[in-house]
Amino acid sequence: MTELQTNCPECRSNLIDDIHSGEKICSGCGLVAMEQMPDYGHESRATNPEDKMKLTRASGQTSYAQHDLGIRTEIAMGTKDFSGRTISSDMANQMYNLRKWQTRIRVASPEERRLANILAKIGETCHALSLPRNVIESASMIYRNFQGQADAKGKSVACMSAATIYMACKQCDVVRSLDEICAATGSSKEEKLNVKLTAKYYRTLVMELGSKTAPVVTLEKYISKIANLAKLEVRVERLAAEIAEKTSDHSLADGKAPNGLAAAYLYIASTLLGQSILQRDVSSVAGITEVTIRNRCKEILTAYKIKVTLRQSSVKN
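The structure displayed is predicted, hence computed values, not measured ones.

Participant: I'd like to hear about the nonpolar core, residue by residue, with values.
Facilitator: In this structure, Leu 131, Phe 146 and Ile 165 are the most contacted members of the largest nonpolar core, which totals 35 residues. At the level of elements, helix H3 (110-128), helix H4 (133-149), helix H5 (157-171), helix H6 (178-184) and helix H7 (191-209) are the ones that each hand at least two residues to this core. Of all the elements, H5 adds the most residues to this core, at 9 residues. Ignoring sequence-local partners within four residues, the contact set of Phe 146 consists of Ala 152, Lys 155, Met 160, Thr 204, Leu 205, Glu 208 and Leu 209. By size, the runner-up hydrophobic cluster in this structure holds 26 residues, among which are Val 175, Ile 243, Ala 262 and Ala 263.

Participant: How would you explain the packing of aromatic side chains if you had to name every residue and give the values?
Facilitator: The geometry of an aromatic ring pair is captured by the separation of the ring centres together with the interplanar angle, meaning the angle of the planes. Tallying each qualifying case throughout the model produces 2 aromatic pairs. Ring geometry for Tyr 143 versus Phe 146: centroids 6.5 Å apart, planes at 45 degrees, classification tilted. Of this pair, Tyr 143 and Phe 146 both sit in helix H4, 3 residues apart, roughly one helical turn. When sorted by exposure, Tyr 143 lands in the same class as Phe 146, which is buried. For the ring pair Tyr 166 and Tyr 202, a centre distance of 5.0 Å and an interplane angle of 70 degrees mean the geometry is edge-to-face. With Tyr 166 in helix H5 and Tyr 202 in helix H7, the pair connects residues that are 36 residues apart, well separated along the chain.

Participant: Explain the confidence of the model for the protein chain to me, using residue names and the numbers behind them.
Facilitator: Model confidence for the protein chain is summarised by a mean pLDDT of 78, while 79% of its residues fall at 70 or above. When mean pLDDT is taken per element in the protein chain, H5 scores highest with 90 and helix H1 (residues 49-55) scores lowest with 61.

Participant: Can you lay out the state of the cysteines for me, pointing to particular residues and giving the numbers?
Facilitator: Considering all chains together, one arrives at 0 disulfides under this definition. Unpaired in terms of disulfides, Cys 159 finds its nearest cysteine sulfur in Cys 182, a separation of 6.3 Å.

Participant: Lay out the pattern of salt bridges in plain terms, naming residues and giving numbers.
Facilitator: What the rule picks out here adds up to 5 salt bridges. Residue Glu 290 pairs with Arg 294 through a salt bridge whose shortest N-O separation is 3.9 Å. Here Glu 290 pairs with Arg 294, and both are found in helix H12 (residues 290-303), just 4 residues apart, close to one helical turn. Of the residues examined, Glu 290 reaches a relative accessible area of 31% and is grouped as partly exposed.

Here is what the cut-offs are and how they apply
- Residues numbered from 1 in each chain as written.
- Predicted model: local features only at pLDDT ≥ 70, side-chain atom pairs only at ≥ 80, totals over all residues.
- Heavy atoms only, no water.
- Core = buried A, V, L, I, M, F, W, Y, C linked by side-chain atoms within 4.5 Å.
- Buried < 20%, exposed > 50% of the residue type's maximum accessible area, 1.4 Å probe, protein only.
- Helix = DSSP H or I, 4+ residues; strand = E, 2+ residues; numbered from the N terminus.
- Contact = heavy atoms within 4.5 Å.
- Phe/Tyr/Trp six-rings, centres within 6.5 Å; stacked < 30°, edge-to-face > 60°.
- pLDDT = per-residue confidence, 0-100.
- Disulfide = S-S within 2.5 Å.
- Salt bridge = Lys/Arg side-chain N within 4 Å of Asp/Glu carboxyl O.

Structural data, given as structure tokens:
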């Protein structure tokens, strides 16, 4: 009998699915037309993640953030077996030795060991920065492609991880500066040298993987980020983005840091709207100095003339 058959081969009556016994039974004569019927239902009917892991029939989702794509079997820590009974001391020692050797043979070559170290550092840094999952997966895929095309041997683990995360943030439209990412790696080296080496690795990634994989984050993203961190009003952010769009055809951004320009646009917009915002507050959030904000505001106001039109509001008595 085929799986798609719905009628009894003896009396041509309809068949009934018995999901508890896994059989197809004829509703007329009671003939068991099929045994061991396949179950295409849900993996589990659990209501919490713990029960779901116990009742699931298949493995978890694969991930590029793990060097073996997350498909290996792990020997978990514990003193009880699957049924909940306590294991003996001899079995516990045997499991400990198996777990130790499994950790040692998890990587079979220096390339896999380097890949495992880089991916682990990428995961730690992304969690420290509270970055979404797609950034972690994108950064892991970037390094895998780079390792397949170029020689990644001898490069700093922390700086290489920061460079791939920086490129992944650009791909996923997540605004994070190179200084923030390098600070989150927790490297013990000098910060300026760390940032300089990370920038060198980033340029290497761009040259090896192509310019299409490194899109430029727009100035509006920086304006939105600084406005959210400084807890500014929506109208200030909207006016700053409008002024930035009107002045985008000028060479104001050539050689300038985007966070400095974004802070200047926000300060100009807040001043035009009559908001009392200190330059010190905006500069501390944007990671720049107050002098930078004043210089960028001077350049913007020198290159353009801003015309303010006041509209009389109707007040009802």
